[in-house]
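# Architecture at a glance
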Amino acid sequence: ASPLRFSGLSLQTRLNGAPLEPSGIALQIRLPRLDVDRARSHLAAPEWHLSWNDATFSGAVDATIGEMPAAEGSLRLQVPSLRRLLQSLSITAPATRDADALGALEASARFAVGEGAAALTQLELKLASTQVAGDVKLPTLAPLSLRFDLSADQVDMDRYLPPEDEPGTPLQLPLAQLKALDAQGVLRIRRAQLAGAAAREMRIDVE
């Protein structure tokens, strides 16, 4: 079977039904080029674009399908409002002291998936005034294991607190699930602020 090349592929539709929000989702997918090598069970899209309401995702992918599926490529996303993106999936984000705390989100990374593992490398993420960079790896997907090395420039925790006029609710951590999770990594924060107090050059180790 000779390789096939498709160009100018596009799909535009509207999705409805649970768990999507009642008004539905405007979805658009564009593939300027798609290479299919059936003999090698290989797919390649040097460029792809996806729109989910006002959020946009793009990147490139090179994948092998079959008994040992694997894929690698790049990913970039631009989300005008993280709160609205969650709402489109019927997920209600908590109210925050700063209404813009869960606003614009931008991220880019290289990804790789295969042989029961996954990784995000060259990760760069910006949410509001916080920028995060580093790597996140999942050496095994079943059982799930997590390894990470991340750095943040500044984190203003006050922005994410509940509004002052709302009664506080006790924080309940899923301790059993956290103890069972195989997670190791380090998070470095250049500057963090909480309740008016600031801390610099923080390092949080998880083992």
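Residues numbered from 1 in each chain as written. Predicted model: local features only at pLDDT ≥ 70, side-chain atom pairs only at ≥ 80, totals over all residues. Heavy atoms only, no water.

## Some thoughts on the pairing of strand E9 (residues 145-156)
- Of the strand pairs in this sheet, strand E8 (residues 130-138) and E9 are connected by six bridges, and their pairing is antiparallel. Looking across to E9, one finds that Lys137 is bridged to Arg147.
- Between E8 and E9, which pair antiparallel and follow one another directly, the connecting turn spans six residues.
- In this sheet, strand E10 (residues 182-194) lies alongside E9 in parallel orientation, the contact comprising eleven bridges. For Ala152, the partnering residue across the bridge sits in E10 and is Ile189. (Pairing = 2+ DSSP bridges. Helix = DSSP H or I, 4+ residues; strand = E, 2+ residues; numbered from the N terminus.)

## Notes on the pattern of salt bridges
- Counted by the stated rule, this structure contains eight salt bridges.
- The shortest N-O distance in the salt bridge between Arg40 and Asp37 comes to 3.5 Å.
- The exposure class of Arg40 is exposed, given its relative accessible area of 54%.
- With a relative accessible area of 12%, Asp37 lands in the buried category. (Salt bridge = Lys/Arg side-chain N within 4 Å of Asp/Glu carboxyl O. Buried < 20%, exposed > 50% of the residue type's maximum accessible area, 1.4 Å probe, protein only.)

## Some thoughts on the sheet that holds E8
- Reading across from one edge, E1-E2-E3-E4-E5-E6-E7-E8-E9-E10-E11 is the order of the eleven strands in this open sheet, with mixed pairing throughout. Each of the sheet's edge strands pairs with one partner strand only, and the pair in question is strand E1 (4-15) and strand E11 (197-206). Here the average twist between neighbouring strands, direction ignored, is 5°.
- Relative to strand E4 (residues 55-64), strand E3 (residues 42-52) is paired through nine bridges, and the arrangement is antiparallel. Bridged to His49 within E4 is Ser58. (Axes fitted to C-alpha atoms, helices over the stretch in contact; angles between N-to-C directions.)

## Brief notes about unusual backbone geometry
- Across the junction of Ala18 and Pro19, the peptide omega takes the value 5°, indicating a cis bond.
- Along the chain, the position of Pro19 falls in the loop between E1 and strand E2 (25-37).
- In the Ramachandran plot, Ser90 falls in the positive-phi region, its phi being about 60° despite a non-glycine side chain.
- Inspection of the secondary structure puts Ser90 in the loop between helix H1 (82-88) and strand E6 (105-114).
- Assessed through its relative accessible area of 45%, Ser90 is described here as partly exposed.
- Of note in the backbone geometry, Ala128 takes a positive phi value of approximately 55° without being a glycine.
- On the secondary structure map, Ala128 appears in the loop between strand E7 (117-127) and E8.

## Concerning the nonpolar core
- With 14 residues, the main nonpolar core has Trp52, Leu77, Val79, Leu82, Leu85 and Leu105 as its most contacted residues.
- Looking at this core, the elements with two or more residues in it are E2, strand E5 (70-79), H1 and E6.
- Once you skip the residues sitting within four places of it in the chain, Leu85 turns out to touch Trp52, Ala55 and Val79. (Core = buried A, V, L, I, M, F, W, Y, C linked by side-chain atoms within 4.5 Å. Contact = heavy atoms within 4.5 Å.)

## What about the pairing of E10?
- In this sheet, E11 lies alongside E10 in antiparallel orientation, the contact comprising nine bridges. By the bridge assignment, Leu194 is partnered in E11 with Ala197.
- From the end of E10 to the start of E11, which pair antiparallel, there are two residues, and Ala195 there has a positive phi angle of about 55°.

## A few points about the environment of Phe57
- Tracing the sequence through the fold places Phe57 in strand E4.
- On the basis of relative accessibility, which here comes to 21%, the residue Phe57 falls in the partly exposed class.
- Sequence separation between Phe57 and Val79 is 22 residues, and the spatial gap between their C-alpha atoms is 8.5 Å.
- Ignoring anything within four residues of it in the chain, the contact list for Phe57 reads Trp48, His49, Leu50, Trp52, Arg76 and Leu77.

## Remarks on the side chain of Asp153
- Relative to the helices and strands, Asp153 resides in strand E9.
- For the buried Asp153, no salt bridge exists, and the shortest N-O distance to an oppositely charged side chain is 4.7 Å, to Arg190.
- Polar side-chain contacts of Asp153 include one of 2.9 Å to the backbone nitrogen of Gln131.
- Ignoring sequence-local partners within four residues, the contact set of Asp153 consists of Ser129, Thr130, Gln131, Arg190 and Arg191. (Lys, Arg positive; Asp, Glu negative; His and termini not counted. Polar contact = N/O pair within 3.5 Å; in protein donor to acceptor, adjacent residues only side chain to side chain.)

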